[in-house]
Structures are given as C-alpha cells and as structure tokens.
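Descriptive structure summary
Each chain, letter by letter, is given below.
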Amino acid sequence: MEKANSNPQDIVIIGAGFVGVATAMWLQKSGHKVTLIDPEPFEKGAYFGNACTIATYANIPVGTPSTIKNIPKLLFSPQSPLSLSWSYLPKLTPWLLRFAWASRPSQVASISHQLGVLLSHAQSALAPLIETAKGEDLVAKNGTLYLYGSEAGFMKAKSDIQLRRLSGIPVTKLTKAEISDLEPQLNPVYKRGLFFDNAQHLLSPLNLLQRMGASVIAKGGQIITNKALGIERVDAQKLKVLLQGSSVLADKVVVAAGAWSKHLARQAGDQLPLDTEQGYHLMYNAQQQLLQRPVGWADAGVYLTPMNDGLRAAGTVELAGLNNPINPRRLEIISGAVNDLLPQLKNYDSQWTGFRPSMPDSKPVIGRSSKDGGIFYAFGHGHIGVTLSGITGKLISELIDNKAPSVDISAFAPGRF
Ligand SMILES: Cc1cc2nc3c(=O)[nH]c(=O)nc-3n(C[C@H](O)[C@H](O)[C@H](O)COP(=O)(O)OP(=O)(O)OC[C@H]3O[C@@H](n4cnc5c(N)ncnc54)[C@H](O)[C@@H]3O)c2cc1C
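Residues numbered from 1 in each chain as written. Predicted model: local features only at pLDDT ≥ 70, side-chain atom pairs only at ≥ 80, totals over all residues.

1. Observations concerning the overall build of the protein chain
Looking only at helices and strands, the protein chain features 13 helices and 21 strands. The C-alpha radius of gyration computed for the protein chain amounts to 21 Å, which stays within 12% of the reference 22 Å derived for 417 residues, consistent with globular compactness. Along the first, second and third principal axes, the C-alpha set of the protein chain runs to 65 × 45 × 40 Å. Split into buried and exposed, the 417 residues of the protein chain put 50% on the buried side. For the protein chain, the share of sequence-separated contacts (at least 6 apart) that also reach a separation of at least 24 residues comes to 76%. (Helix = DSSP H or I, 4+ residues; strand = E, 2+ residues; numbered from the N terminus. Rg over C-alpha atoms; globule rule 2.2 N^0.38 Å. Buried ≥ 20, exposed ≤ 12 C-beta atoms within 10 Å, placed from the backbone. Contact = placed C-beta atoms within 7 Å.)

Put into structure tokens, the structure is as follows:
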C-alpha cells in the first residue's frame, strides 16, 4: 500500500536494472513520483544474464587472503575462473591495489560481517516488490548447492563456512551421497558440497524485472529511454539530469547505472573506484528439467541454474573494462563445467556477456553524494546485485525521507574511499 507522504518529491533514477527499479518501487511505496532513465531498458544490463540466485548466503568478499595467494595460478592457468586483460592492467592497477588491501584477514572478517547484515534483510526487502509486481511464480524456493571437486578444495572453504556461520547464515555440509540424493542427474565428479537451504532463485530475472518495471508505470511512474550524461544543480531545490538532446528536472537524483555509474558520480564530484568484473553465460534450451536448484561448481566458478526456458550456465570473472568483447576462452571454461557436471547437455543455444559493477572491497555504495545532498548512489553490487536490490532500494528511500535506515549503512558510504 502506497503511503501519503507529507513531502512527496520528483525523483529521477538513472538506470533501470534491478537496483534502479527496486529503488523506484520503494520510493513509490513511500509516496514519491519517480522517473527511470535508461538508454536500453530491459535489454542490456547485468540483470539480463546473471545466475539467478537470491544469494543470501554470499557474504564472502571476492578478495580474501586465499584469492591473493592464488592470483598467479588464477591468472596463468587456462582453466582459471579469473582472467585479466594485460592491456587493461594500467587502468585497473589502482582498483587492484585497493582490492589487495581489502583482502587482508581483518578486512575480510569485517566485510563479511557487514555484507551478512545487509544480506539478512535482502529477502524481506525484495519479497514485497516481487509480490507487487505479481512475480511470485518466477521464484523457486529449493535452496542452492555449491560443489567441490576435491576434498582439498572443500577444506579450503572452511574459513568461508566459519565466516558465514558467524553471520548467522545457515549452511549444511553434504557428503557425495547426500548431493546425489538432491540432484540425481549430476555426474558424480564432485567430492563434497554445501547446501544453502534458505536460498531462492529466479526462473527468469529478465521477466521479473520487466514485471517490476510495468508495476512502476502502472503506479504513475515513467521510464524515459535515453542516456544520462550528467547531473547539474539548478537551484537550492532542483537538479537537472542531462540527457542526449534533452534534460529532466528532479528534486532528488539516484545514480543506479550499475557498472556505468562511475563517470556519473565523477561528474557530480565523487571519485569512486568502481570497475567491472565481466561475466558470461551459456543457455541450454533443454526440454528436460535436469536440476531442481542452482548448482555452483567451485572448481570453475560457474553456476548451473534451472530456469523457465532451459538451463543457464553462468559465471567466471574477467577484468578487462567495459569495452571488452566476448572472450571465447571464457565460454569454453563454462561449457567445460557443464560437460563435467551434466555431460548429457551437448550444445548450447546462446551465449552472453555482461558487466558486474564491482567495488574493490566487494561492498556496494549506498548513500548520499559528498558533494550534493540531493544526489544518492546505489551501485557497485558486484556478484550480488539482484539479491541486494530490494534492501538497497529500501535504504535509499529511507535516506530520501530522512528516516533512520533499517540497516547501519556507514560501511557502504561513498565517503569510505
Ligand atoms: C555472469 C553473472 C552472474 C551473476 N549472478 C548473480 C546472481 O546469481 N545473483 C545476484 O544477486 N547477482 C548476480 N550477478 C550480479 C548482478 O547481475 C548485478 O550485481 C546486478 O545486475 C547489478 O544491478 P544494477 O541494477 O546495479 O546494474 P545493471 O543490471 O547492470 O543495470 C544497470 C542499468 O543502467 C543502465 N545505464 C547504463 N548507463 C546509463 C546511463 N548513462 N544513463 C542511464 N542508464 C544507464 C543500463 O542500460 C542498465 O539497464 C551476476 C552477474 C553476472 C555478470
């Protein structure tokens, strides 16, 4: 139910991915008038091709002491889930230095705790939006499996399991037989596994996002198909968002343009170290439903997820900026993972690459610009932006209404850099 707001405002949200649309929905719930700006609504963002998990268990940052220790192997092994474009290295170096700094054990402990708190609100802040958008039929509640091809690999996950338990995230260790009982179609190349029984997954993220966008419009919001070029202050009340060939006025502006947010924040005066971890997927439009739930394969950094229109194999990380074309080597790693776990799937039907918006400390930026109190940032959600979209939108709407935020967001403030 939308509330009457004593101070309803015109709010422009730049970017109509999950974070932007969820923010628009929470702002509408609070009585505001919203306009979303996107050059390619419901076509191009990271929302299109992700692994579909509502990953409430994913509080482990990408950078850990073990990531740093394994970097040479990760970068030079042809099977590695991580790759780096050497020509992009000079541009990436400042981000990498911050990444290494955030990977120290003391930092990993506090980041995983902070992410754990945010994640504990993820489902309760996303579910009402899914309900408003009539998208409940697109959510499956069968948990998520994460598998290891060796006992040694599983042993290395010990510290992650501990960090999850410290954050109150339920995780069950599984034997080979228990995994086979849950997913009998899997080729038993795995040795051990973890089960996140509270996790949910989306049967079509794109379809859900479209329904959420339709709900925004049905409630009086609008979506302008255009690219935001910058934000200017007009006077004490109004901001102007510059578009290609036009502009739009707003009381408040939210930057939620995913991996493309950096230059908009810089243009507003905030230098934030956003970069991208490029990811990939392959779609297998299989007739037969082979899996009941997403299955992560630790050895390749890939998830196999059953969806409405087939099975999606998604993952890997490439550090190569926002203009990097599809790297066939990444697709081979993903198809290799499918071949390991579901050899009955022979040929894929389509391929995709997209750009995770990634901060070096694996934490999103949620907060007010340091330069203009009317500009808000909601980006940098890395591997878990779908999962965190609802709580991010709720927090931004609380900030705009000058309410105490449901979660202490100081750890996610733009000013932490
Ligand atoms: C392979 C892969 C697997 C993933 N798996 C998962 C998963 O299982 N679970 C999970 O929670 N997350 C997952 N993610 C991460 C998730 O997809 C992202 O974190 C999330 O989509 C980010 O949401 P966003 O709205 O910030 O950005 P996006 O989804 O990228 O949307 C940004 C939008 O901004 C628009 N935009 C860009 N520039 C401008 C501009 N100048 N003006 C206006 N609009 C602009 C774009 O067109 C786009 O629509 C995965 C990502 C990848 C790549």
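2. So, the environment of I391
Structurally, the position occupied by I391 is in helix α13 (residues 385-400). Once the C-alpha coordinates of I391 and T23 are considered, the two residues, 368 residues apart in sequence, prove to be 8.7 Å apart. Not counting chain neighbours up to four residues away, the residues in contact with I391 comprise L118, H121, A122, A125 and V407.

3. A few points about the site of the ligand
In the vicinity of the ligand, 44 residues are found, and the nearest of them are G17, G45, G258, G279 and G385. Broken down by class, the residue content of the shell around the ligand amounts to 22 nonpolar, 17 polar and five charged. (Near = placed C-beta within 6 Å. Nonpolar A, V, L, I, M, F, W, Y, C, P; charged D, E, K, R; others polar.)

4. Describing the sheet that holds strand β9 (residues 200-202)
In a beta sheet, neighbouring strands are held together by backbone hydrogen bonds and run either parallel or antiparallel to one another. The three strands lie next to each other as β3-β9-β5, forming an open sheet whose pairing is antiparallel. The open sheet is flanked by β3 (53-54) and β5 (139-140), the only strands paired with a single partner. Across two bridges, the pairing between β3 and β9 is antiparallel. For I54, the partnering residue across the bridge sits in β9 and is Q200. (Pairing = 2+ DSSP bridges.)

5. A word on helix α4 (residues 89-102)
Look at α4: 19 Å from first C-alpha to last across 14 residues, which is about the 20 Å you get at 1.5 Å a residue. W95 marks where α4 bends most, by close to 35°. (Expected span 1.5 Å × (residues − 1). Bend = angle between axes of the 7 residues up to and from the residue.)

6. Details of the sheet that holds strand β1 (residues 10-14)
Pairing within the open sheet is mixed, and its six strands lie in the order β10-β2-β1-β14-β21-β20. The sheet is open, and its two borders are formed by β10 (222-225) and β20 (365-368), each paired with just one other strand. Neighbour-to-neighbour, the strand axes of this sheet turn through a mean angle of 20°, independent of strand direction. As paired strands, β1 and strand β2 (residues 33-38) are joined by five bridges and run parallel to one another. Residue pairing in the sheet places I14 in a bridge with I37 of β2. In the packing of α13 onto the sheet, contacts are made with β1, β14 (252-255), β20 and β21 (375-379), and the angle to β21 comes to roughly 170°. (Axes fitted to C-alpha atoms, helices over the stretch in contact; angles between N-to-C directions.)

7. Points about the nonpolar core
Formed by 119 residues in total, the largest nonpolar core has its most connected members in I14, V21, V253, V254, V255, L304 and A378. Residue contributions to this core peak at eight residues, all from helix α1 (residues 18-29). The residues contacting A378, other than those within four sequence positions of it, are V19, T23, V254, V255, A256, I366, T392 and I396. (Core = buried A, V, L, I, M, F, W, Y, C linked by C-beta atoms within 7 Å.)

8. Remarks on the environment of S180
In this fold, S180 is placed in helix α9 (residues 176-182). Taking C-alpha positions, S180 is 9.5 Å from Y190, a pair spaced ten residues apart along the chain.

9. Regarding the packing of α1 against helix α10 (residues 205-218)
The interhelical angle for the contact between α1 and α10, taken along N-to-C directions, is 35°, at an axis separation of 10 Å. Crossing of α1 over α10 shows left-handed handedness. Along its contact with α1, which presents F18, V21, A24, M25 and Q28, the element α10 presents L209, M212, G213, S215 and V216. Residues of the contact of α1 with α10, tallied by class, amount to seven nonpolar, three polar and no charged. (Left-handed = near helix turned anticlockwise from the far one by under 90°.)

10. Here's the deal with the pairing of β21
Of all the five residues making up β21, five are buried; the element is thus mostly covered by neighbouring parts of the structure. Residue alternation in β21 divides its side chains into two sets, I375, Y377 and F379 and F376 and A378, and both sets are buried. Between β20 and β21, which pair antiparallel in sequence order, lie six residues.

11. Topic: the packing of α1 against α13
Between two packed helices, both the angle of their axes relative to each other and the distance between the axes serve to describe the pair. Two elements in contact, α1 and α13, have axes separated by 7 Å at closest approach and are oriented at 40°. Judged by the angle between their axes, α1 and α13 are oblique. Here α1 runs over α13; the crossing is right-handed. Residues F18, V19, A22, T23, M25, W26 and L27 of α1 form the contact with α13, whose participating residues are G385, V386, S389, G390, T392, G393, K394, I396, S397 and I400. (Parallel < 35°, antiparallel > 145°, perpendicular 65-115°, else oblique.)

12. Looking at unusual backbone geometry
The residue K134 is not glycine, and still its phi comes out positive at about 50°. In this fold, K134 is placed in the loop between α6 (122-132) and β5. A positive phi angle is found at T316, which is not glycine, with a value near 65°. The buried category is assigned to T316, around which 25 C-beta atoms lie within 10 Å.

13. Notes on the environment of T23
Following the sequence through the fold, T23 ends up in helix α1. Considered as a pair, T23 and I13 are ten residues apart in the sequence and their alpha carbons are 7.9 Å apart.

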